[in-house]
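Observations on the model geometry
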Amino acid sequence: MTRFWKPGTENPRLLDDEEGGVIFYNTSSSSSSGYGHMSMDKQRQRLPVYKYRTAILYLVEKHATTIIVGETGSGKTTQIPQYLKEAGWAEGGRVIACTQPRRLAVQTVASRVAEEMSVKLGEEVGYTIRFEDLTNNDLTRIKFLTDGVLLREMMDDPLLSKYSVIMVDEAHERSLSTYILLGLLKKIQRRRPELRLIIASATIEAKSMASFFNARKRQGQDDEQIEPNKEPAIISVEGRGFNVQIYYVEEPVPDYLRAVVSTVLSIDDLEPMGDVLVFLTGQDDIDAAIQMLTEDSQSNRKKGLIVLPLYSGLPRADQDLVFSPTPRGRRKVVISTNIAETSLTLEGVVYVVDCGFTKQRIYNPMTDIENLVVTSISKASARQRAGRAGRTRPGKCYRLYTEEYFINEMSAYGIPEMQRSNLVPCVIQLKALGVDNILGFDWPSSPSPEALIRALEVLYSLGVLDDDAKLTSPAGFQDPMISKMILASNDFGCSEEAITIAAVLSIQSIWFSSKGVQKEMDEAKLRFAVSEGDHVTFLNVYKGFIESGKSSNWCHKNFLNYQAMRKVHEIRLQLRRIVQRLGITLKSCEGDMKVVRKAVTAGFFANACRLEAFSHNGLYKTIRSSQEVYIHPSSVLFRVNPKWIVFHSIVSTDRQYMRNVISIDPSWLTEAAPHFYQHKQLNPIPH
């Protein structure tokens, strides 16, 4: 069957690979057509993946699943969807999907592909991320989206019938959504043998992934003239890498932030021109490093450095600065989270500074606490980071850890997100998709039984699951605690306030963080702060934002992140539409904050804490597991220390800190969840 086999009648030469699939000798292929700009054509043909165009199309035609191991910078993400479209996989109204674990990667890759195809973004090439859909049902033929969005599409179309090919990119990141998606796609393939899957990754254990998708063992010998080969094919695509020299520190560094700054300044003093990519753990570290570099470069009268941040919550205009060409005679320093490890390619980077750490969510099912922890990276991540320096010419990577530590102490691979996550959202999603036997679901890598049992317990206590472990209500929200809060707000008559709070909780932070202005920031926060806690404070902030006419100047004066506030407004509008579909009456409590706090308690009762008797340092203990926790300094209740509170999340640094805290009455806990607290002691604190 050669319906989509355009590149030529002669099959590429095959060679058995030790991984159990096939690899290809380099084969020449016909040049792509339909582009008016030769320069763009030439750029595309220079990418390493271009040599494998014919081979990839052949494999996709012949095999149900194709596993592509392609180094970062090979061009696989931007080029393969275009090759598929050129070969006819988007004809007859069908769509080619390409998933990414990260929203920022979805946006930047879609923009790049639209530019290469000389089409307007949102028409023939589009993207969908949470709360943003830039596609056209009649026109879009190549669609980039996050794994989570594709999972949500299965709610309306369980077989994903409009897609001819689904490419799951960056599979090596082993994110929770990717693993759920792979398990479900394997089920869909059995019902839709014509669906083609491409699993693409920079570094992937290809043999184990091929084994997971190998349906031939169970299905027996099919008539392969009618259906594609069920045995997955594997193809390796080389990157366009130059040699990268690796440098280690001789002694462990006591402060990686200062070490990063001094290393960047040394590169600027001693090394030839070329951009620098710095890996740090998160936005706080990035902001601090930018401030230190900016102050130092000003004091030394250095005008050559352009220092830019890169992280997932960055406004679009700031993202574009990162990808724009560096002006002549200047040096760009991009300070990034691990998003730049694989998802994005930054041209012009010659030097990489690797702090050796990353920030990960780690959930402990025994204590039921999810921490955001700074942890050491794996050897696989270290190699990915170093590889970013060799894109356009030989580069250098400065590792701020010892060679001995890299060889003897770093793990080979990181822990899959599946094995370190709270599985509540995952279980609710699978249940909503009709997967009832959660424990028997076919995972690429199994989660811990403790985490699954804890998730089922929480969902049962929230009333999301009934006695038969079936969903009790339509799933409109990803976070069941926020969902429960919104549903409860209908009974308390404060649904307008609840969706505002839910929208703010969906954003990492609405406050603008900057070093050196802490006093002014605290004063600004006090203008909105109330004794009930952060959730009610958020209502005051949002009210002020709307009354200001959604003014960026008002946000700037009040130390609020304007882009974050705009996002809150957009999310709130979407939540409003969802709750109306669910038949919830939108009503305001007209300033009765007691009912708002009761609604929050109804959703977050499992996160209740009590101030320890005679505590002088703000020590709380969780009711559920007696964990020692403290109110985060960013909370308006920091140092206020009400006796009883519920929190939204926990951040772990030197202590376990509760974020987004509200004061409650303990009697509300037994009202909200008598089944949960019937055996708990909710006695008042002795004085």
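Heads up: the structure comes first, above all this text.
Below is a short write-up of the structure. Remember, predicted model here, so these are calculated numbers, not experimental data.

1. Considering the sheet that holds strand S18 (residues 395-399)
A sheet is described by the order of its strands in space; here six strands give the open sequence S11-S18-S15-S12-S14-S13, paired in parallel fashion. Looking along the sheet, the strands with just one partner apiece sit at the ends: strand S11 (244-248) and strand S13 (305-310). This sheet shows a mean twist of 20 degrees between the axes of neighbouring strands, independent of strand direction. By the bridge criterion, four bridges tie strand S15 (residues 349-354) to S18 in an arrangement that is parallel. The partner of Val 353 across the bridge, within S18, is Tyr 398.

2. A closer look at the nonpolar core
Counting residues in hydrophobic clusters, the biggest one holds 105 residues, and the most contacted among them are Ile 166, Leu 185, Leu 423, Leu 430, Ile 486, Ile 510 and Leu 560. The greatest single-element share of this core, amounting to eight residues, is contributed by helix H6 (residues 176-191). Filtering out sequence-adjacent residues up to four positions away, Leu 423 remains in contact with Leu 176, Met 418, Pro 447, Ala 451, Leu 452 and Ala 455. Grouped together as the second largest cluster of nonpolar side chains are 48 residues, Val 264, Leu 277, Leu 293 and Val 352 included.

3. Looking at the sheet that holds strand S6 (residues 132-134)
With mixed pairing, eight strands are arranged side by side in an open sheet as S6-S5-S7-S4-S8-S9-S3-S10. The open sheet has two edge strands, S6 and strand S10 (233-237), and neither has a second partner. In this sheet, adjacent strand axes meet at a mean angle of 20 degrees when their direction is disregarded. Together, strand S3 (65-70), strand S9 (196-201) and S10 form the strand contacts of helix H7 (residues 206-213), whose direction differs from that of S3 by roughly 170 degrees.

4. Digging into unusual backbone geometry
Even without being glycine, Leu 160 reaches a positive phi, approximately 45 degrees. Within the fold, Leu 160 resides in the loop between helix H5 (147-156) and strand S8 (163-168). A positive phi is found at Asn 660, a non-glycine position, where the angle reads about 55 degrees. Structurally, the position occupied by Asn 660 is in strand S23 (residues 656-663). Its relative accessible area of 15% is what places Asn 660 among the buried residues.

Calculation criteria
Residues numbered from 1 in each chain as written. Predicted model: local features only at pLDDT ≥ 70, side-chain atom pairs only at ≥ 80, totals over all residues. Heavy atoms only, no water. Pairing = 2+ DSSP bridges. Helix = DSSP H or I, 4+ residues; strand = E, 2+ residues; numbered from the N terminus. Axes fitted to C-alpha atoms, helices over the stretch in contact; angles between N-to-C directions. Core = buried A, V, L, I, M, F, W, Y, C linked by side-chain atoms within 4.5 Å. Buried < 20%, exposed > 50% of the residue type's maximum accessible area, 1.4 Å probe, protein only. Contact = heavy atoms within 4.5 Å.

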